[in-house]
Amino acid sequence: MSGTLAKTDPSTFGPSRAARELGLKRGEFDLAVNLGLVRTTPDEGGGGRRVTRAELDRLRAADGFPDGLRERVSTTGTQEGAALMEIAPTRFTTLARFGLLVPVSFYLNRYRAVVWLYLTEELRQFTAEASNARLLSGRLPAEIREGLKAGLDRRPRNWRGRHSGFLLRQAGDDPWARAAAVAALLDPADVAEVVQDPAERARLDRFRPRLPGHGAPGSPAAELVQRLTTATDPDEVAWFRADLAHTLETARGEGPAPHPLPEPTPSTLPASSTLPTPRTLPAPPTLPAPRTLPTPPTVPAPPEHPKPTGLLTRLRCRGRRSARST
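If you're wondering where the values come from, they're calculated on a predicted model, not measured in any experiment.

A.B. asks: Got a minute to help me understand unusual backbone geometry in this structure?
C.D. replies: Negative phi values dominate among residues other than glycine, just as trans dominates among peptide bonds. Residues Phe65 and Pro66 are joined by a peptide bond in cis, for which omega reads 5 degrees. Along the chain, Pro66 falls in the loop between α3 (53-60) and α4 (67-72). The backbone of Glu86 shows a phi angle near 60 degrees, a positive value even though the residue is not glycine. Looking at the secondary structure, you find Glu86 in the loop between α5 (78-85) and α6 (89-98).

Structure follows, in structure tokens:
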């Protein structure tokens, strides 16, 4: 082989080990990475993102560690969030559906219902803002009431917009990884219309980040999550498509995607090329000599009867001669 595989830096730690070192659950650690609270580096061995020892030391040296870090990644659902904001759960849901409270993550419960989670710190900030007091008590504005009657629900779209920022942060400065981060939230048909070169689509697939998944592929839970993580509103789709086209142009400026080499044909082979040796078919097997049938036995001819003799014969012969003479 002409190349050698890069080895993982032993002074870095994988996500599970880094989470333990920081006193976080794995989900809390992933959220801290998404929010940019924990800086990661790519694994040279191809094993995903890793955390350096220097980054762990930096986080440990911060004031209030580990409670301060854990508080910044604390999330809450509808019931707990409503209690924190001192409003009814129905009002909390109304504000979230209208888009005033933006979820940071979600999961499916055992009934396949979507449970949206919100940053506790953001809910406190929303409550403390004086201009939001009219939204926490009294009659809601007519615009919000009309949106609720029309079935408006901006939670999936707001999550996608927020998660797009997370993916772009993890992609760093790599232009192809950034283009793949945008394409990850689009339907494959939309991606194919924007990226018509198969080689470029293949490169985007290699950089495609993993999105939240639930259940086996093709299961109702997996299909529900796919709908939540795919842009659907026309204006949202148009925005992601335009962003994909822009990031793709930047990526092309860094270098085109490698195209697969075409299969050689006799008409395109150079003169010095050596044609492959034709395959020699095996000789057919030698058949055995034809079987010689035995000569049928010779049947002896029947014996000839002796000519009759005696007096009676002479008399018959004399009678025949007499008859001819008359």
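A.B. asks: Can you walk me through α3 in this structure?
C.D. replies: Since the α-helix advances by 3.6 residues per turn, residues separated by three or four positions end up pointing in the same direction. Those residues of α3 not exposed but buried are Glu55, Leu56 and Leu59. For α3, the angular spread of buried residues about the axis comes to 100 degrees, placing them on one side. In the core, the buried residues of α3 are packed alongside β1 (12-13), α1 (15-22) and β3 (49-52).

A.B. asks: Would you take a moment to explain the sheet that holds strand β5 (residues 105-108) for this structure?
C.D. replies: Strands belonging to one sheet form pairs held by backbone hydrogen bonds; the direction of such a pair is parallel or antiparallel. Taking strand neighbours across the sheet as the criterion, the three strands line up as β4-β6-β5 in an open arrangement whose pairing is antiparallel. Here the strands that pair on one side only, and so sit at the sheet edges, are β4 (75-76) and β5. Where β5 and strand β6 (residues 114-119) come together, four bridges link them in antiparallel fashion. If you follow Tyr107 over to β6, its bridge partner there is Val115. Along the sheet, helix α7 (residues 120-128) makes contact with β4 and β6, crossing β6 at roughly 65 degrees.

A.B. asks: I'm lost on the environment of Gln79 in this one. Help?
C.D. replies: In this fold, Gln79 is placed in helix α5. Separated by 11 residues in the primary sequence, Gln79 and Thr90 have C-alpha atoms spaced 9.3 Å apart.

A.B. asks: For this particular structure, what's the right way to read the pattern of salt bridges?
C.D. replies: Side-chain pairing between opposite charges can occur once the charged atoms of the two side chains come close. Tallied over the entire structure, the rule returns 18 salt bridges. Across the pair Arg60 and Glu21 runs a salt bridge whose closest N-O atoms are separated by 2.3 Å. Of the two residues, Arg60 is situated in helix α3 and Glu21 in helix α1; the sequence distance between them amounts to 39 residues. Its relative accessible area of 28% is what places Arg60 among the partly exposed residues. Between Arg26 and Asp30 there is a salt bridge, with the nearest N and O atoms lying 3.0 Å from each other. Within this pair, Arg26 and its partner Asp30 are both found in helix α2 (residues 26-34), separated by four residues, close to a single helical turn. When its relative accessible area of 40% is taken as the criterion, Arg26 is described as partly exposed. With a relative accessible area of 31%, Asp30 lands in the partly exposed category. One network of salt bridges, in which partners are shared, links Arg17, Glu21, Asp57 and Arg60.

A.B. asks: Got a minute to help me understand the side chain of Asn34 in this structure?
C.D. replies: On the secondary structure map, Asn34 appears in helix α2. Apart from residues lying up to four places away in sequence, Asn34 is in contact with Phe166, Arg169 and Gln170.

A.B. asks: Please clarify how the packing of α5 against α6 should be interpreted in this entry.
C.D. replies: Helix-helix packing: each pair is described by the crossing angle between the helix axes and the interaxial distance. Orientation of α5 relative to α6, taken along the N-to-C sense of each, is 100 degrees, at an axis distance of 8 Å. Here α5 is positioned roughly perpendicular relative to α6, judged by the angle of their axes. In this structure, α5 contributes Thr78, Gln79, Gly81, Ala82 and Met85 to the contact, and α6 contributes Pro89, Phe92 and Thr93.

A.B. asks: What am I meant to see in the packing of aromatic side chains here?
C.D. replies: To describe a pair of aromatic rings, you give the distance between the ring centres and the angle between the ring planes. Applying the stated criterion to the full structure yields four aromatic pairs. The interplanar angle of 85 degrees and the centroid separation of 5.2 Å between the aromatic rings of Phe92 and Tyr118 together place this pair among those described as edge-to-face. Separated by 26 residues along the polypeptide, Phe92 in helix α6 and Tyr118 in strand β6 bring together distant segments of the chain. Classification of Phe92 by relative accessible area gives buried; the value is 0%.

A.B. asks: Can you walk me through the sheet that holds β1 in this structure?
C.D. replies: Pairing is antiparallel across the open sheet formed by three strands, whose spatial order is β1-β3-β2. A single partner strand is all that each edge strand has here, and the edge strands are β1 and β2 (41-42). Pairing between β2 and β3: two bridges, direction antiparallel. From the neighbouring strand, Thr41 faces β3, where its bridge partner is Arg50. Each of β1 and β3 is contacted by α3, which is oriented at about 60 degrees to β3, the strand it contacts most.

A.B. asks: Help me understand the nonpolar core in this model?
C.D. replies: In summary, soluble globular proteins display a tendency toward joint burial of nonpolar side chains. Among the nonpolar cores identified, the biggest contains 23 residues, and Met85, Ile87, Phe92, Leu95, Leu101, Tyr118 and Phe126 are the most heavily contacted of them. Of all the elements in the fold, those that place two or more residues in this core are α5, α6, β5, β6, α7, α8 (133-136) and α14 (220-228). Setting aside residues no more than four positions away along its own chain, Leu101 makes contact with Met85, Phe92, Leu95, Ala96, Tyr118, Leu123 and Phe126. Grouped together as the second largest cluster of nonpolar side chains are 21 residues, Val182, Ala184, Val191 and Val237 included.

What counts and what doesn't
For every chain, the first residue of the written sequence is number 1, and numbering continues from 1 along that sequence. Per-residue local features of the predicted model are confined to residues with pLDDT of at least 70, and side-chain atom pairs are confined, for both listing and counting, to 80 or more; whole-chain, interface and lining totals are unaffected and use all residues. For side-chain calculations, the full set of non-hydrogen atoms in the structure is used, while hydrogens and water are omitted. A run of DSSP states H or I qualifies as a helix once it reaches four residues; a run of E qualifies as a strand once it reaches two. Both are numbered from the N-terminal end. Partly exposed describes any residue whose relative accessible area lies between the buried limit of under 20% and the exposed limit of over 50%, with all areas from a 1.4 Å probe on protein chains only and scaled to the type maximum. As used here, the arc is the angular range of directions from the helix axis to the C-beta atoms. In this description, contact between two residues means that some pair of their heavy atoms is separated by no more than 4.5 Å. At least two DSSP bridges between two strands are required for those strands to pair. Each axis is a line fitted through C-alpha atoms, and for a helix only the stretch in contact is used; angles between axes span 0 to 180 degrees, taken between their N-to-C directions. In what follows, salt bridge is the name for a side-chain nitrogen of Lys or Arg lying within 4 Å of a carboxyl oxygen of Asp or Glu. Any angle that falls under 35 degrees is termed roughly parallel, while one over 145 is termed roughly antiparallel, one within 65 to 115 roughly perpendicular, and all others oblique. For this analysis, a ring pair means two rings from Phe, Tyr or Trp (six-membered ring only for Trp) whose centres lie within 6.5 Å, classed as stacked if their planes differ by under 30 degrees, edge-to-face if by over 60, and tilted for the remaining angles. Buried Ala, Val, Leu, Ile, Met, Phe, Trp, Tyr and Cys residues that are joined via side-chain atoms within 4.5 Å together make up what is termed a nonpolar core.

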